[in-house]
Amino acid sequence: MALAGLYAVSAVAQTKHSKTTMYPSYKGLAMAGYQGWFRVPDNGVMYPDAKQVRIDMWPDVREYEKTYPTGLKHKDGSVARFFNSNDKSTVDLHFKWMKEYGVDGVFMQRFFSAARPDARGRSSVIPNAFEAASKYERAIAVMYDLSGLKGSGEDCSSLIEDWKYLVDSVKVTNQKGKQTYLFFNGKPLVTIWGLGFPDRPYNIRNIGIERFIDFLQNDPVYGGCSVMLGVPTYWRDLNSDCLPDPYLHDLIRKADLVMPWMVQRFTPLLHYEMNRYRDVIMGDIKWCKENNVSYVPCVTPGFSWYNLSKGSRSEEPKPLGSIPRQGGRFYWSQIATAINAGAEMLYVAMFDEVNEGTAIFKVTNDPPVSEDAKFLGLDEEPSDHYLFLTGEASRMLRREKPLTFIMPTR
């Protein structure tokens, strides 16, 4: 698949979106989720003491233009430093890495709390990201995360107004410079994540989600979009990690793509786990073909939730590295299994998520030391190991290189 030039896409009714993009389809791409939520507190210290640490991996900050002191130190006594997601130079560096390693692009997380009228426009992360995506020719799209939506009468109305704001003020679908917004079926792709999960305070039947989907797809000015829904792993059978509500299937049939969230659902510590992963994907693909919906499986390097879970009063902290990375072997086994099972595109969880230990960007094997906090390294692999593997996944998706179940090396 050639991605180097601008491609004309099918005409749509609205006038707000660019009619051209470097990325006319999600097919053949490995896209990661991008949080961008690491901000400097008012006192300028990222973590004043070890008890406030909420991350399980430490970023490799050697290449950042700006970094900030924390309350932690490395074993040599030097102050551990962290980046600020609101710094333009931080976002620019992340997209530079994507370009350098062949990571196709990212979905920018837009949490429900950030889309409320009183919070809209506070963060500079999304504007900086769209500028950097154009500069480095990386695909980019908006992912609305319903986390933060309350169950007390709130609905998706504010997301309609927020999408208008992003289109009008941030120009997300009509960037200054090269157009890199991700399209699907000839239309800008918008994702809504968080439907069907049992731990949510809202009922998907009364949050106006159909109205929001209809607006994105059919509004004559701001619509003409494709829609992807983020749902639980076992959405098809409506069991295990999914609410047993068949209304979820009705919503998925209205969408263009479905992406199941598979983090914490599979582990390298069980025999034949990739056979189970394969069977889930193949069953999902079959359902999607029968219902005219495209399918995007999720892959992740691993999972860790030790420091974050220490703040929970209800249970003991989770083990450090509860789903181990195994030097990248677990990540690669998912990538190869998904592609071999028929996946045409991938969702990588996540680009910069060090809270849950799923990050693919550069992290360090020399994290701070603390009596209370614990941090994962990369099994002595180089800090860019997962960026490299993600670029290899993209090339194999597009059949630029033959698929291999053996983890690539440099």
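Data block above holds the structure.
How each quantity is defined
Residues numbered from 1 in each chain as written. Predicted model: local features only at pLDDT ≥ 70, side-chain atom pairs only at ≥ 80, totals over all residues. Heavy atoms only, no water. Helix = DSSP H or I, 4+ residues; strand = E, 2+ residues; numbered from the N terminus. Core = buried A, V, L, I, M, F, W, Y, C linked by side-chain atoms within 4.5 Å. Buried < 20%, exposed > 50% of the residue type's maximum accessible area, 1.4 Å probe, protein only. Contact = heavy atoms within 4.5 Å. Pairing = 2+ DSSP bridges. Axes fitted to C-alpha atoms, helices over the stretch in contact; angles between N-to-C directions. Parallel < 35°, antiparallel > 145°, perpendicular 65-115°, else oblique. Left-handed = near helix turned anticlockwise from the far one by under 90°. Nonpolar A, V, L, I, M, F, W, Y, C, P; charged D, E, K, R; others polar. Right-handed = clockwise from strand over helix to strand, strands pointing away. Phe/Tyr/Trp six-rings, centres within 6.5 Å; stacked < 30°, edge-to-face > 60°. Lys NZ or Arg CZ within 6 Å of the ring centre and 35° of its normal. Salt bridge = Lys/Arg side-chain N within 4 Å of Asp/Glu carboxyl O. Expected span 1.5 Å × (residues − 1).

**Thoughts on the environment of Pro244**
Part 1: Mapped onto the elements of the fold, Pro244 is located in the loop between β10 (226-232) and α6 (247-254).
Part 2: Between the C-alpha atoms of Pro244 and Tyr234, which are ten residues apart in sequence, the distance is 10.0 Å.

**Regarding the nonpolar core**
Part 1: Among the nonpolar cores identified, the biggest contains 143 residues, and Tyr26, Phe95, Phe107, Trp163, Leu229, Trp235 and Tyr347 are the most heavily contacted of them.
Part 2: Once you skip the residues sitting within four places of it in the chain, Phe95 turns out to touch Val106, Ala129, Ala132, Ala133, Tyr136, Arg138 and Ile140.

**Some remarks on the pairing of strand β7 (residues 139-145)**
Side chains on a regular strand alternate between the two faces of the sheet.
Part 1: Taken across its seven residues, β7 has seven buried, putting it largely inside the fold.
Part 2: Residues Ala139, Ala141, Met143 and Asp145 of β7 are buried on one face, and the alternating residues Ile140, Val142 and Tyr144, pointing to the opposite face, are buried as well.
Part 3: Strand direction decides the pairing type here: strand β6 (residues 105-111) and β7, joined by seven bridges, are parallel. Residue pairing for β7: Met108 is matched across the bridge by Val142.
Part 4: Both β7 and strand β9 (residues 187-193) contribute to a ladder of four bridges, which runs parallel. Looking across to β9, one finds that Asp145 is bridged to Trp193.

**Focus on the packing of helix α4 (residues 157-170) against helix α5 (residues 209-218)**
Part 1: Packing of α4 against α5 leaves a shortest axis separation of 9 Å and a crossing angle of 20°. Relative to α5, α4 is oriented roughly parallel. You can see that α4 and α5 cross each other, and the crossing is right-handed. Listed contacts from α5 to Ser157, Leu159, Ile160, Trp163 and Lys164 of α4 are Arg211, Phe212, Phe215 and Leu216.
Part 2: Its residues assigned to classes, the contact of α4 with α5 shows six nonpolar, one polar and two charged.

**Considerations on the pairing of β9**
Part 1: Most of β9 sits inside the fold, with six of its seven residues counted as buried.
Part 2: Of the pairings in the sheet, the one linking strand β8 (residues 183-184) to β9 comprises two bridges and is antiparallel in character. Note that in β9 the partner of Phe184 across the bridge is Lys187.
Part 3: If you look at the hairpin formed by β8 and β9, you'll find two residues sitting between the two strands, and Asn185 has a positive phi there, around 55°.
Part 4: The pairing of β9 with β10 spans five bridges and is classified as parallel. Across the sheet, the residue bridging to Val190 is Val227, located in β10.
Part 5: You can see the chain leave β9, run along α5 and come back into β10, and the turn it takes is right-handed.

**Details of the packing of aromatic side chains**
Part 1: For the structure shown, the criterion picks out 24 aromatic pairs.
Part 2: Considering the side-chain rings of Trp58 and Phe82, the 5.3 Å spacing of their centres and the 85° angle between planes classify their relative orientation as edge-to-face. Here Trp58 is found in the loop between β3 (30-34) and β4 (68-73), whereas its partner Phe82 is found in strand β5 (residues 79-82), with 24 residues between them in sequence.
Part 3: For Phe82, a relative accessible area of 0% translates into the label buried.
Part 4: Here the guanidinium or amino end of Arg325 rests over the ring plane of Tyr386, the centre of that ring lying 4.5 Å away.
Part 5: When the ring centre of Phe388 is taken as origin, the NZ or CZ atom of Arg410, which lies over that ring, is 4.5 Å away.

**Notes on the pattern of salt bridges**
Part 1: Throughout the structure, instances matching the rule amount to 27 salt bridges.
Part 2: Asp162 is paired through a salt bridge with Arg120; the nearest N and O atoms lie 3.1 Å apart. One end of the pair, Asp162, is in helix α4; the other, Arg120, is in the loop between α2 (112-115) and α3 (125-136), with 42 residues separating them in the sequence.
Part 3: Because the salt bridges share partners, they merge into one network encompassing Lys99, Glu137 and Lys178.

**A look at α3**
Part 1: Helix length check: α3 (twelve residues) gives 16 Å between terminal C-alpha atoms against 16 Å at 1.5 Å per residue, within 8%.
Part 2: Taking burial as the measure, the twelve residues of α3 include nine buried ones, the bulk of the element.
Part 3: Where α3 is buried, its residues contact β3, α1 (88-101), β6, β7 and α4.
Part 4: Residue Glu137 follows α3 closely and has a positive phi angle near 55°.

**A closer look at the side chain of Ser134**
Part 1: With respect to the helices and strands, Ser134 occurs in helix α3.
Part 2: According to the relative accessible area criterion, Ser134 is buried, its value standing at 7%.
Part 3: Excluding anything up to four places from it in sequence, Ser134 contacts Gln175, Lys176, Gly177, Lys178 and Thr180.

**Thoughts on unusual backbone geometry**
Part 1: Geometrically, the link from Ala349 to Met350 is a cis peptide bond, its omega value of 0° lying close to zero.
Part 2: Secondary-structure assignment places Met350 in the loop between β14 (346-348) and α10 (385-397).
Part 3: In this structure, Glu137 takes a positive phi of about 55° despite not being glycine.
Part 4: Examined against the element boundaries, Glu137 turns out to sit in the loop between α3 and β7.
Part 5: Backbone geometry places Tyr272, a non-glycine residue, at a positive phi of 60°.
Part 6: Its location among the elements puts Tyr272 in the loop between β11 (257-261) and α7 (273-290).
Part 7: By relative accessible area, which is 69% here, Tyr272 ends up exposed.

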